[in-house]
Amino acid sequence: MTCASCAARVEKKLNRMDGVSAAVNYATEKAKISYPHGVEVADLIATVVKTGYSAEQPPPPEPEPDLDEAPATASAPQADAESASLRRRVIVSAVLAAPVLLMAMVPALQFDNWQWLSLTLAAPVVVWGALPFHRAAWTNLRHGAATMDTLVSVGTLAAFGWSLWALFLGDAGMPDMRHGFDPTVSRTDGASTIYLEVAAGVVTFILLGRYLEARSKRKAGAALRALLELGAKDVAVLRGGTEIRVPVSRLVVGDRFVVRPGEKIATDGTVVEGTSAVDASMLTGESVPVDVRAGDPVTGGCVNTAGRLVVEATRIGADTQLARMARLVEDAQNGKAEVQRLADRISAVFVPVVLVIALGTLVTWLLVTDDATAAFTAAVAVLIIACPCALGLATPTALMVGTGRGAQLGILIKGPEVLESTRKVDTVVLDKTGTVTTGRMRLQGVYAAETAEEHELLRFAGALEHASEHPIARAVAAGAEERVGTLPVPEAFENVPGLGVRGVVEGHQVLVGRAQLLTDAGVELPRELVAAVPAGCTAVFAAGDGKALGVLTVADAVKETSAEAVASLRALGLTPVLLTGDNRAVADSVAAEVGIDEVYAEVMPEDKVDVVRRLQAEGRRVAMVGDGVNDAAALATADLGLAMGTGTDAAIEAGDLTLVRGDLRVAADAIRLSRRTLGTIKGNLFWAFAYNIAALPLAASGLLNPMIAGFAMAFSSVFVVTNSLRLRSFR
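What you are looking at is a predicted structure, and each value in this text was computed from that prediction instead of being measured.

### A closer look at the pattern of salt bridges
Evaluated as defined, the whole model comprises 20 salt bridges. Where Glu-243 meets Arg-260, a salt bridge forms, and the shortest distance between an N and an O atom there is 2.8 Å. Here the residue Glu-243 occupies a position in strand β4 (residues 242-247), and Arg-260 occupies one in the loop between β5 (256-259) and β6 (269-273), the gap between them amounting to 17 residues. Glu-618 is the salt-bridge partner of Arg-620, the closest N and O atoms lying 3.3 Å from each other.

### A few points about unusual backbone geometry
Non-glycine residue Asp-545 carries a positive phi angle of around 55 degrees. With respect to the element layout, Asp-545 can be found in the loop between β18 (538-544) and β19 (547-558). Asp-545 sits in the partly exposed class, given a relative accessible area of 45%. One non-glycine residue, Glu-602, lies in the positive phi region at around 55 degrees.

### Quick word on the nonpolar core
The biggest cluster of nonpolar side chains holds 121 residues, and the ones touching the most others in it are Ile-385, Leu-430 and Leu-642. Leu-458, Ala-463, Val-501 and Leu-549 belong to the second largest nonpolar core, which has 24 residues in total.

### Describing the packing of aromatic side chains
The tally for this structure, following the rule as stated, stands at six aromatic pairs. Their ring planes at 55 degrees and their centres at 5.4 Å tell us that Tyr-195 and Phe-376 sit as a pair that is tilted. Note that Tyr-195 is positioned in the loop between α6 (148-168) and α7 (196-220) and Phe-376 in helix α12 (residues 372-385), a separation of 181 residues in sequence. Judged on exposure class, the residue Tyr-195 and its partner Phe-376 are both buried. A network of ring pairs unites the aromatic residues Trp-162, Trp-165, Tyr-195 and Phe-376 as a single cluster. Sitting over the face of the ring of Trp-128, Arg-89 holds its NZ or CZ atom 4.8 Å from the ring centroid.

### Examining the UniProt feature "transmembrane region" (unreviewed entry) in the protein chain
Taking the numbering used here, the UniProt-annotated feature "transmembrane region" (unreviewed entry) corresponds to residues 90-110, 116-138, 150-170, 190-209, 346-368, 374-395, 681-700 and 706-725. As annotated, residues 116-138 has a helix share of 96% and a strand share of 0%, and its two end C-alpha atoms lie 29 Å apart. In the segment residues 150-170, helix accounts for 90% and strand for 0%; the C-alpha atoms at its two ends are 28 Å apart.

### What to know about the sheet that holds strand β24 (residues 657-659)
Pairing in this open sheet of seven strands is mixed, and the strands run β12-β24-β23-β22-β13-β20-β21 from one edge to the other. At either end of the open sheet lies a strand with only one pairing partner, and these are β12 (411-413) and β21 (598-600). Adjacent strand axes in the sheet meet at a mean angle of 20 degrees when their direction is disregarded. As judged from the five bridges shared by strand β13 (residues 427-431) and strand β20 (residues 575-579), these two strands associate in the parallel manner. When the bridges of β20 are listed, Val-428 appears paired with Pro-576. Sheet strands touched by helix α21 (residues 584-594): β20 and β21. Its angle to β21, the strand with the most contacts, is close to 150 degrees.

### Regarding the packing of helix α1 (residues 4-15) against helix α2 (residues 41-50)
Relative orientation of the contacting elements α1 and α2 amounts to 135 degrees, with a least axis distance of 9 Å. Taken together, the axis directions place α1 and α2 in an arrangement best described as oblique. Once α1 is placed against α2, the crossing between them reads as right-handed. Two secondary-structure elements touch here, α1 through Val-10, Lys-13 and Leu-14 and α2 through Leu-44, Thr-47 and Val-48. Its residues placed into classes, the contact of α1 with α2 shows four nonpolar, one polar and one charged.

### Focus: helix α22 (residues 608-617)
Think of an α-helix as 3.6 residues a turn; residues three or four steps apart then line up on the same face. For α22, the complete set of buried residues consists of Lys-608, Val-609, Val-611, Val-612 and Leu-615. The buried residues of α22 occupy an angular sector of 160 degrees when the element is viewed end-on, so they sit on one face. Considering only its buried residues, α22 is in contact with β13, β20, β21, β22 (622-626) and α23 (632-637). Looking at the residues trailing α22, positive phi occurs at Gly-619, about 90 degrees.

Conventions we followed
Residues numbered from 1 in each chain as written. Predicted model: local features only at pLDDT ≥ 70, side-chain atom pairs only at ≥ 80, totals over all residues. Heavy atoms only, no water. Salt bridge = Lys/Arg side-chain N within 4 Å of Asp/Glu carboxyl O. Helix = DSSP H or I, 4+ residues; strand = E, 2+ residues; numbered from the N terminus. Buried < 20%, exposed > 50% of the residue type's maximum accessible area, 1.4 Å probe, protein only. Core = buried A, V, L, I, M, F, W, Y, C linked by side-chain atoms within 4.5 Å. Phe/Tyr/Trp six-rings, centres within 6.5 Å; stacked < 30°, edge-to-face > 60°. Lys NZ or Arg CZ within 6 Å of the ring centre and 35° of its normal. UniProt positions renumbered as here; feature names shortened; annotations may be inferred. Pairing = 2+ DSSP bridges. Axes fitted to C-alpha atoms, helices over the stretch in contact; angles between N-to-C directions. Contact = heavy atoms within 4.5 Å. Parallel < 35°, antiparallel > 145°, perpendicular 65-115°, else oblique. Left-handed = near helix turned anticlockwise from the far one by under 90°. Nonpolar A, V, L, I, M, F, W, Y, C, P; charged D, E, K, R; others polar. Arc of directions from axis to C-beta.

This is the structure in structure tokens:
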């Protein structure tokens, strides 16, 4: 495919097949097709071939070779070979065309018979340099179609043909022939006018534009290619206590493998041995390594920076987070925004319309001026200026760069239609647990009774809670261990359902739990201890040998970055709303800490959808940020769903945007990037439409020399792709 109208034709032919739904992307050179039973892939390919193009099914991933085999020499990718061929054509055409342009534009350089040297230099450019255009135009003609190549081929061959006629049958071949360069349509004797500089110049400019466009498209897709290449190639698997190095493709779920400092983690898994810091910047955009220890999950593709780890594989192959990220990014790049569908519809009819306009221009000039030279020049300028390349590149290139940059920052955009939603949302609903807060209970405050010491309170309460599996107990034990070090082992332990635990620690009878546990045991709780518990915290009271030791407060800790994230969301014009199943006091406390005014508390999981719908009924466009299974329905109901990648698969599937890092600040980045990408698409389309709308009348009215038209057409495509590449610098 060479332009947007090619993609439109292939898509149209595929969609005419019974039950087939196809979207053909010019920039990524891929067709995404849904087809019913009874239709084979071979049938789809045959339809593409009948349309005048070629296609092949994406090959399945190749299995990794055994490590003891000699590595096969890989042939250069087809895209690189095509780019090298195009580069050769550009260089040869530029070297040959430069003297032709200079002699035609600078009369002082015109010597006797200079026009014959021009013909000698221009002929290879028009025949060999423009061969891709002529070949494509001929193929299209055989299939009764016309594309950008048709315009270029007809325009350059017409200019070259006229020059041959003037040289051999007219007066232009005379030794003393001279002529100047006119940026508009010149009115001279046609028999003494040659257009060799137009033919050679237009071919060179358009080849250069296509080469720059191809290079830029490769840059645009670089982020996805980097993502696909992130994974490790081989891994040290533990088999019978011995390390065996095998290709990653041979890993199975449950295998344990060793990751040394500096090595990539081969696949998603859980650390079973060792401690280290893991660099996940290539997946999350977060530059600070994350500390991991036994029991912590790790993601394939991340780099182990410090200690030796033993990891148990939990996901392999296409199920890993890296593979799913790559799949999401590729799907997004192959999709089409609504604005692109409009551009495609225009491109499909644009070339035939231009051919009619060019013919109309030729006839009109002949009738009005009776000047064949001027009429011909204006018609050729129309043919060359109107190529719709920029229209076809406007959306896909911006999408490729935007989604690729998002992947580098840990932001996965599911599809181009998501971009429209980010522009319209005005309210963002934040699930509390796991989104605004860490989702893990932490020890917040320690209040010792007057007759006890804080150190004693932490040791006794921590030792007893260490034997319990309850989340609140684990929070108390972990907090106590952090503050006082190693905890004693209880000599006796008993769980009291719904109330707490009791036991013997270092010979002391200890009670830890709700206030009721202590009062039932006859322990008097000082009033100041009860009053010390702040709103929004869970109180854990402790007593030793029948006397109150103090109270520990536990709460789901607010993430350090949440307040900054809420401020960033407000700066984007969004009204933040906190949504939680917790009680009102806890919800209000968290909301006050991060700066949220509107709170919905004590909401059951199944009622979260109702809250979203209620806000939508008020006329608001709602974005929802969540991470749990209970958020999936609300994420799907919202106008824009943002799923935290640290959450469940159900939430990620339901969301429109996935935030790989569990940091709420990324939600604001995701909306900014999506809006910037949409803005770039709209800017590109405005340029592409404005360029064609303005240039066609100029060319038809004789105000553009065909060579200047060729330069402008090539520049328009390069401008659109370069404008899209600015998204790579998004921070």
